[in-house]
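Here's the letter readout for the chains.
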Amino acid sequence: MINSIPLGDSDYIHHTNILEDKRFTFQDLTQASKDVVTLKNILFEGKDHMDKPFSPGIQFSIHYNFSDIVDRFRAYIREVILKMYTEDYGIDPGFNISTFWIYYQHNSSKPAYWHSHPKSNLLRYDKTVGRETPMQVPNYKTCVLYLQVPEDVKESGKIWFSPNRNLKLEKDNKVTKNDISVAPKQGDLLIFPYYTPHFPELHTGKTARIVLGSNIYIKKPKSII
């Protein structure tokens, strides 16, 4: 069951927990978290956070298969969002592209700031420069699946959303009375419009926040009129 949390006058954050779908268990989430940590330690040996000023925590794109259960979660996310598109527009979503990434946030990570995900980068070969270069495509939805949450998530470690699409992004994580926060539970899936400003709070607990994120691009059919 997907619930809708109002955000401003017209937008919603859609929320469900994958454990409500009997295809998944706590053991699946635990295994996925272990697999992510194994991969993180291969890619970033000995690190719990990055030193780059605008890379809070450790983030890495998923262009490959490394975990059977993470692959199942990826398929589930696509299924949920494509069904949402069908219900929104009454048409088959047709051609679509899903990009995924992992976000690992330790309690020593730097602060994250307001940001949104208007576009995804796809690689294509550019013969003018003789190599692959990024091509941007507009997103339909952004979502985050919580594989693991810090133990103090209700006190710190929530995720904030703002209805202000014109919010100045980067270097500012102040909140107002119009912004809302969600204290996620393990297995929570939050889906929201690509343009929604959001940021995760830092946490102080020893348990790292591990999130599987995704952007979905859908090619809209051309009108015949």
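Everything below is about the structure printed above this text.
Quick summary incoming for the structure in this document.

How each quantity is defined
The numbering scheme is per chain: residues are counted from 1 as the chain's sequence reads. Residues qualify for local features only when their pLDDT is at least 70, as the model is predicted, and side-chain atom pairs are given and counted only at 80 or more; totals for whole chains, interfaces and linings, by contrast, use all residues. Where side-chain values are given, they derive from all heavy atoms of the structure, hydrogens and water being excluded. Each helix is a run of H or I in the DSSP string that is no shorter than four residues. Each strand is a run of E no shorter than two, and both are numbered from the N terminus. By definition here, a helix of n residues has an expected span of 1.5 Å times n minus one. A simple rule labels every residue: compare its accessible area, found with a 1.4 Å probe on the protein chains alone, to the largest value its type can have, and call it buried under 20%, exposed over 50%, or partly exposed in between. Contacts are assigned to residue pairs that have any heavy atoms within 4.5 Å of one another. One side-chain nitrogen of Lys or Arg within 4 Å of one carboxyl oxygen of Asp or Glu is enough to make a salt bridge.

Quick look at helix 2 (residues 68–89) now. Relative to the 32 Å expected for 22 residues at 1.5 Å per residue, helix 2 spans 32 Å between its end C-alpha atoms, a close match to the ideal helical length. Taken as a whole, helix 2 has its buried residues at Ile69, Val70, Phe73, Arg74, Tyr76, Ile77, Val80, Ile81, Leu82, Met84 and Tyr85. If you follow the buried residues of helix 2, they end up packed against strand 2 (11–17), helix 1 (26–43), strand 4 (96–105), strand 7 (141–148), strand 10 (188–193) and strand 12 (209–218). A positive backbone phi angle near 70° is found at Gly90, which sits one or two residues after helix 2.

Among the structural elements, His106 can be located in the loop between strand 4 and strand 5 (119–126). Exposure remark for His106: the relative accessible area of 17% places this residue in the buried category. Every residue in contact with His106, bar those within four places of it in the chain, is listed here: Asp48, His203 and Ala208.

Let us now look at the pattern of salt bridges. Any two side chains of opposite charge can pair, so long as their charged atoms come close to each other. Counted by the stated rule, this structure contains 7 salt bridges. A salt bridge links Arg74 to Asp71; its shortest N-O distance comes to 3.2 Å. Residue Arg74 and its partner Asp71 are both found in helix 2; the two are separated by 3 residues, about one turn of the helix. Across the pair Lys185 and Asp188 runs a salt bridge, and its minimum N-O distance is 3.9 Å. In the salt-bridge network here, residues are joined through shared partners; they are Asp21, Arg23 and Glu79.

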